[in-house]
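Residue strings, one per chain:
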Amino acid sequence: MSRIVLGVSGGVAAYKAALLLRAFTEAGHDVRVVPTPAALHFVGAATFEALSGNPVTTDVWSDVDEVAHVRIGQTADLVVVAPATADLLARAAAGRADDLLTATLLTAHCPVVFVPAMHTEMWLHPATQDNVATLRRRGSVVLPPAVGRLTGPDSGPGRLPEPADVAALATVVLAGGAGALAPDLAGRRVVISAGGTREPLDPVRYLGNRSSGKQGWALARVAAARGAQVVLVAANVELPAPFGVRVVPAGTAEDLRTAVLAEAADADVVVMAAAVADFRPATVAGTKLKKGSAAEPSAVPLVRNPDVLAELVAERRAGRLVVGFAAETGDADGDVLAHARAKLARKGCDLLVVNDVSGGRVFGRSDNAAVVLAADGTATELAEGSKDAVAAGVWSTVVPRLS
Ligand code: CTP
């Protein structure tokens, strides 16, 4: 359990702060909500008090005996300000202390994450961009806003990311500090494949696998939070698109190959997190295979699918990194790392993220642990944590290797 301060400033997106608060408390965190007075025009203090189980005040004149304007910041493990309006970012950058939230920001020793939400013009204004640069230079995380429908008929960058995305990214900062969401992928184009391919047998049946797509989703979400332009080629994943990420659906290995190779053309990094079926049925029946019919199969002959990772390696241009994934189990021929080292050499990719799946671990779970093997022989162990925290570890291994 961590102590999280949820700062809320006065924008329409303040209603999403209630959902974010809920996500934090459901994850077991103790949350103290500190709204600005303007935020209470949008969501009442009673909502935040009921959902957090903690008192809610906006000014420094309440609970004076507890010296709340100092204590709340001092004792926090993480401060998340969502939504962070243009005005809040300006006051934070200027170091003002004219309400309880800005006073808290001045006394917090812990990582601070600002989640901006405002109209596109306000976000793009040089004053706001300067304030964001100032806050980032001082070590705070300022997430890029989501792009989409804003209040009224306009759309553009300025939306608050979905609370589930913000909650997932908060786990990254709790585990790895503000540096785990540094904007070090700004200007980079990243392609990630995720999920599991389905190879049809007939119009209703397929050969599939147990990949949930969650690790690929986390890689995409964290890359977008770190400033990358992200394309997620998704094989049969039902999850909502992470904010700032373009999702290209793919069904079969062949679909995934076509999409990944097309999207990879101008990518700086391609990460193959998808579980691509190595084989597909040699023939696909045009109508449903019926029991007792002449077409009832006694066996399913399989043919090899293309190896997308191998093709990416073969056509890799200078400066592009290709990252593979390997789910391995130890056996009589070697342990997990021995198999993974052999696979890295065989596949020829720059990095291989290795999951130990002995005993059914990893698939569908929300936690993960991994080792990243590099072609230069180094091995980086990523501690067990949320899939977003593991994703941040993968990107931190990738970034120094980018040209
Ligand atoms: N992969 C791919 N195309 C395939 C199969 C796998 O691009 N047809 C990619 C996966 O996305 C992953 C990596 O290759 O990044 C490792 O996949 P894996 O199936 O473990 O590799 P194989 O060479 O098939 O190894 P094994 O002999 O263990 O099956």
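As named in an unreviewed UniProt entry, the protein is Coenzyme A biosynthesis bifunctional protein CoaBC, taken from Geodermatophilus sabuli.

**Q** So what about a nonpolar patch on the surface? Which residues, and what values?
**A** Together, L207, F279, V300 and L302 line one region of the surface with nonpolar side chains, adding up to about 320 Å² of accessible area. Mapped onto the elements of the fold, L302 is located in strand β15 (residues 302–304). Judged by relative accessible area, L302 falls into the partly exposed class, the value being 44%.

**Q** Break down the packing of helix α9 (residues 214–225) against helix α13 (residues 387–398) for me, with residues and values.
**A** Close contact between α9 and α13 brings their axes to 8 Å; oriented N to C, the two are set at 60°. Relative to α13, the element α9 is oriented oblique. Here α9 and α13 pass one another in a crossing that is right-handed. In this structure, α9 uses K214, Q215, A218, L219, R221, V222 and A223 to contact α13, whose residues at the interface are K387, D388, V390, A391, A392, V394 and W395. Its residues assigned to classes, the contact of α9 with α13 comprises nine nonpolar, one polar and four charged.

**Q** Give a description of the site of the ligand that names residues and reports values.
**A** Taken together, 14 residues sit near the ligand, with M272, A274, L309, F325 and K343 positioned nearest. Interatomic distance of 2.7 Å between a backbone N/O atom of M272 and an oxygen atom of the ligand. Between the ligand and the protein, one listed contact pairs an oxygen atom with a side-chain N or O atom of K347 at 3.0 Å. Here the ligand, which alone exposes 580 Å², has 76% of that area covered by the protein. According to the grid-proximity analysis, the pocket containing the ligand is the largest pocket.

Cut-offs applied
Residues numbered from 1 in each chain as written. Predicted model: local features only at pLDDT ≥ 70, side-chain atom pairs only at ≥ 80, totals over all residues. Heavy atoms only, no water. Patch = residues over 30% accessible without salt bridge, like charges linked within 9 Å, V, L, I, M, F, W, Y side chains within 5 Å. Areas by Shrake-Rupley, 256 points an atom, 1.4 Å probe, with all protein chains shown as cover. Salt bridge = Lys/Arg side-chain N within 4 Å of Asp/Glu carboxyl O. Helix = DSSP H or I, 4+ residues; strand = E, 2+ residues; numbered from the N terminus. Buried < 20%, exposed > 50% of the residue type's maximum accessible area, 1.4 Å probe, protein only. Axes fitted to C-alpha atoms, helices over the stretch in contact; angles between N-to-C directions. Parallel < 35°, antiparallel > 145°, perpendicular 65-115°, else oblique. Left-handed = near helix turned anticlockwise from the far one by under 90°. Contact = heavy atoms within 4.5 Å. Nonpolar A, V, L, I, M, F, W, Y, C, P; charged D, E, K, R; others polar. Near = heavy atom within 4 Å. Polar contact = N/O pair within 3.5 Å; in protein donor to acceptor, adjacent residues only side chain to side chain. 1 Å grid on protein atoms, 1.4 Å probe; cavity = no way out; pocket = protein on both sides within 12 Å on 5 of 7 lines; lining within 4 Å. Sits in = over half its atoms within 2 Å of the grid points.

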